[in-house]
Amino acid sequence: MKPFVSLFTRRELLWQFLVRNVKSRHRGSILGAFWLVANPLLMLGLYVFAFGVVFGGRFTDSPDESTIDYALGVFLGLNVLGLISGIIGGSPGIIVSQPNFVKKVVFPLEILPAAAMGALAYDLLISFGLCLIGVHFVGPGLTISCFYAPIILFPVFLIALALAWFFSALGVFIRDVGQIGSFLGLALLYSSGVFYSAAKAEANAPGIWQFLQWNPLLQIVDSLRQVILWGGEPNWWGVGYSWIFGVIVLLFGAWFFDRLRPAFADVL
């Protein structure tokens, strides 16, 4: 498909836009890149206080699981959801805000959503690294199982790129799509196992689990906790499903963007 070929042949241009997006996020800020670390930690503190301390949330029934373990597990989930929520919230305005590029027939517009996704993925990787450091020094410690993490995490980037292409194209024609981004992000937050484990969801709400189990983000978040926090094996069925889902939605997102692109200039 054309978007994939364009990303490869124009990879230097993609890199330039990615770097520009990363730098522009903190331009003019006094603390600059410090917010890459501070923001996820502040959000972690709020959620853990509410769900871990006040409500006594835990992922397992083991007495060995501490509030710190729960906090690190929540942090893992927030890292994944931060990428997806950021894409859903920001993508509808990417093409609309760049009418000059749309009018240039030779400019590869598919690079703009991809660069935005890359900047958010950069944030995710930094937060993920912080989480690994926390697990090693104040948590249960890292084991060899953590090497499964890249295999588990990669489908998130496929899904994020697919959503970036889909919502950026849709946002050109339906401006209201940007208004539902906050709701979709909140819905994903509570349906993706950030504050609970898949096992608890299946045991306590079997009816709802029939639908939740098809959320690839839940499978990814739960498997990440299994290999990083508990040193266990991932749910290979869930990992395989996430890969298949990611590839399918990426192909659809590329097709959708390429199909609507010829009409961008007429609308803008």
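Above this text is the structure in question.
About the thresholds
Residues numbered from 1 in each chain as written. Predicted model: local features only at pLDDT ≥ 70, side-chain atom pairs only at ≥ 80, totals over all residues. Heavy atoms only, no water. Helix = DSSP H or I, 4+ residues; strand = E, 2+ residues; numbered from the N terminus. Rg over C-alpha atoms; globule rule 2.2 N^0.38 Å. Contact = heavy atoms within 4.5 Å. Areas by Shrake-Rupley, 256 points an atom, 1.4 Å probe, with all protein chains shown as cover. Lys, Arg positive; Asp, Glu negative; His and termini not counted. Charge placed at Lys NZ, Arg CZ, Asp CG, Glu CD. Salt bridge = Lys/Arg side-chain N within 4 Å of Asp/Glu carboxyl O. Buried < 20%, exposed > 50% of the residue type's maximum accessible area, 1.4 Å probe, protein only.

Student: Quick rundown of the overall build of the chain? Include the residues and the values.
Tutor: Of the regular secondary structure elements, the chain holds 13 helices and zero strands. Written out in order from the N terminus, the α and β elements of the chain read α-α-α-α-α-α-α-α-α-α-α-α-α. Rg of the C-alpha trace for the chain: 19 Å, near the compact-globule value of 18 Å for 268 residues, within the 12% margin. Viewed in the frame of its principal axes, the chain has a C-alpha envelope of about 60 × 45 × 35 Å. A separation threshold of at least 6 residues defines the contact pool for the chain, and within that pool the share at least 24 residues apart is 80%. For the chain, the accessible surface area stands at approximately 13400 Å², while carbon and sulfur atoms represent 69% of it. Counting 15 positive and 13 negative side-chain charges, the chain places the averaged centre of each group 17 Å from the other.

Student: Describe the pattern of salt bridges, listing the residues and the values that go with them.
Tutor: Overall, the coordinates contain two salt bridges when judged by the stated rule. Put simply, E110 and R261 hold a salt bridge, and the shortest N to O gap is 2.9 Å. With E110 in the loop between α5 (99-102) and α6 (111-137) and R261 in the loop between α12 (236-260) and α13 (264-267), this pair connects stretches of sequence that are 151 residues apart. Residue E110 is classed as buried on the basis of its relative accessible area, which comes to 2%. Taking the shortest distance from any N to any O, the salt bridge between R225 and D222 comes out at 3.7 Å. Placement of both R225 and D222 in helix α11 (residues 216-228) is noted, with a separation of three residues, approximately one turn of the helix. The pair R225 / D222 is uniform in exposure class, with both members buried.

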